[in-house]
Amino acid sequence: MLNSRVARFGACVAKHLSKRTYASMSRSPYILTATNRCLQPPLSFNMLYNGAMIKKHSFFSTMTTNNTSEEGGDKEETISVTFVGKDDGETHIKVPVGMSMLEAAHENDIELEGACEASLACSTCHVIVMDVEYYNKLEDPIDEENDMLDLAFGLSETSRLGCQVIAKPELDGIRLAIPGATLR
Ligand code: FES
């Protein structure tokens with residue numbers, strides 16, 4: 001019984017689809033049921049049909065919400081970094097997580113050389129972490145960085161190469177001094 005009604009419903013939909021454009025159908029998916037008696041389904045089918053429509057709308061609503069939250073998730077996470085220059089002048093910048101301090105300095109017109117472009121072949125990106133607390137949060141330097149630091153002018157206990165210090169949430173608030181001179 002239900003099967004034959006469903007078949008009749010399908011036949012009527014096909015008939016009207018041939019007369020109407022897809023656009024008008026998509027604007028008003030209920031138009032056939034509203035204007036054609038032959039498409040009035042039994043109550044149980046109507047509920048099923050409307051249930052499907054409701055689920056469809058719920059689905060799109062959920063997707064919209066997810067997209068919004070994904071957009072929120074895409075928002076770039078940054079940390080606050082202060083560079084203290086050769087003249088003791090301070091520059092406060094926001095640095096995206098994952099960016100090196102050398103890149104961040106260059107993007108903000110801070111005078112920090114990077115002669116070898118982060119290939120660990122110079123010490124011109126030498127910086128001094130001003131607080132031991134932050135220095136201890138950094139990854140240990142690899143041998144190549146230590147080799148280059150040995151050549152750095154004004155080496156201190158908390159010296160690092162700026163191209164090897166990568167922004168991460170724990171470093172929020174870090175202060176980096178740029179030595180008065182650098183050796184290539
Ligand atoms: Fe040369 Fe960092 S830019 S080691």
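Residues numbered from 1 in each chain as written. Predicted model: local features only at pLDDT ≥ 70, side-chain atom pairs only at ≥ 80, totals over all residues. Heavy atoms only, no water.

The chain appears in an unreviewed UniProt entry as 2Fe-2S ferredoxin-type domain-containing protein from Lupinus luteus. UniProt lists a comment for the chain under the heading Cofactor (unreviewed entry), and it reads "[2Fe-2S] cluster". (UniProt positions renumbered as here; feature names shortened; annotations may be inferred.)

This part covers the sheet that holds strand β4 (residues 159-161). Strand order in the open sheet made by the five strands is β2-β1-β5-β3-β4, with mixed pairing throughout. Of all strands in the sheet, those bounded by a partner on one side alone are β2 (90-96) and β4. Between one strand axis and the next, the sheet turns by 35° as a mean value, whatever way the strands run. With seven bridges connecting them, strand β1 (residues 78-84) and β2 associate as antiparallel partners. Looking across to β2, one finds that F83 is bridged to T91. (Pairing = 2+ DSSP bridges. Helix = DSSP H or I, 4+ residues; strand = E, 2+ residues; numbered from the N terminus. Axes fitted to C-alpha atoms, helices over the stretch in contact; angles between N-to-C directions.)

A word on the pattern of salt bridges. Here the structure, examined in full by the defined rule, presents four salt bridges. Among the ionic pairs, R160 bridges to E145, the shortest N-O distance being 2.8 Å. In this pair, R160 sits in strand β4 while E145 sits in helix α7 (residues 143-149), placing the two residues 15 residues apart along the sequence. (Salt bridge = Lys/Arg side-chain N within 4 Å of Asp/Glu carboxyl O.)

Together, D143, E144, D147 and D150 make up a region of like negative charge exposed at the surface. If you trace the backbone, D150 turns up in the loop between α7 and β4. (Patch = residues over 30% accessible without salt bridge, like charges linked within 9 Å, V, L, I, M, F, W, Y side chains within 5 Å. Areas by Shrake-Rupley, 256 points an atom, 1.4 Å probe, with all protein chains shown as cover. Lys, Arg positive; Asp, Glu negative; His and termini not counted. Charge placed at Lys NZ, Arg CZ, Asp CG, Glu CD.)

Another point: unusual backbone geometry. Positive phi outside glycine occurs at D88, with the angle close to 70°. Here D88 shows up in the loop between β1 and β2. Unlike most non-glycine residues, E117 shows phi in positive territory, near 55°. With respect to the helices, strands and loops of the structure, E117 is situated in the loop between α5 (101-107) and β3 (126-129). Take E117: its relative accessible area is 69%, and that puts it in the exposed class. (Buried < 20%, exposed > 50% of the residue type's maximum accessible area, 1.4 Å probe, protein only.)

Burial analysis of β1 places five of its seven residues in the buried class, which makes it a mostly covered element. Direction of pairing for β1 relative to strand β5 (residues 174-177): parallel, over a ladder of four bridges. Bridge pairing in β5 places V84 opposite A177.

Counting through the fold element by element, E90 comes out in strand β2. Counting along the chain gives 86 residues from E90 to L176, while the straight-line C-alpha distance between them is 9.5 Å. Each residue touching E90, except ones within four places of it in the same chain, is listed here: T82, F83, V84 and R175. Looking at E90, its side chain comes within polar contact range of the side chain of R175, at 3.2 Å. (Contact = heavy atoms within 4.5 Å. Polar contact = N/O pair within 3.5 Å; in protein donor to acceptor, adjacent residues only side chain to side chain.)

Mapped onto the fold, A167 is located in the loop between β4 and β5. Put simply, A167 and M101 are 66 residues apart on the chain and 7.0 Å apart in space, counted from C-alpha to C-alpha. Excluding anything up to four places from it in sequence, A167 contacts I79, V95, P96, V97, G98, M99 and M101.

Attention now goes to the packing of aromatic side chains. For the structure on display, the rule yields zero aromatic pairs. Taking the ring centre of Y134 as reference, the NZ or CZ of K137 above it sits at 4.7 Å. (Phe/Tyr/Trp six-rings, centres within 6.5 Å; stacked < 30°, edge-to-face > 60°. Lys NZ or Arg CZ within 6 Å of the ring centre and 35° of its normal.)

Counting 28 residues, the largest nonpolar core has V81, F83, V95, M101 and L176 as the members making the most contacts within it. The element contributing the most residues to this core is α5, with four residues. Setting aside residues no more than four positions away along its own chain, V81 makes contact with T91, H92, I93, V95, M101, I174 and L176. (Core = buried A, V, L, I, M, F, W, Y, C linked by side-chain atoms within 4.5 Å.)

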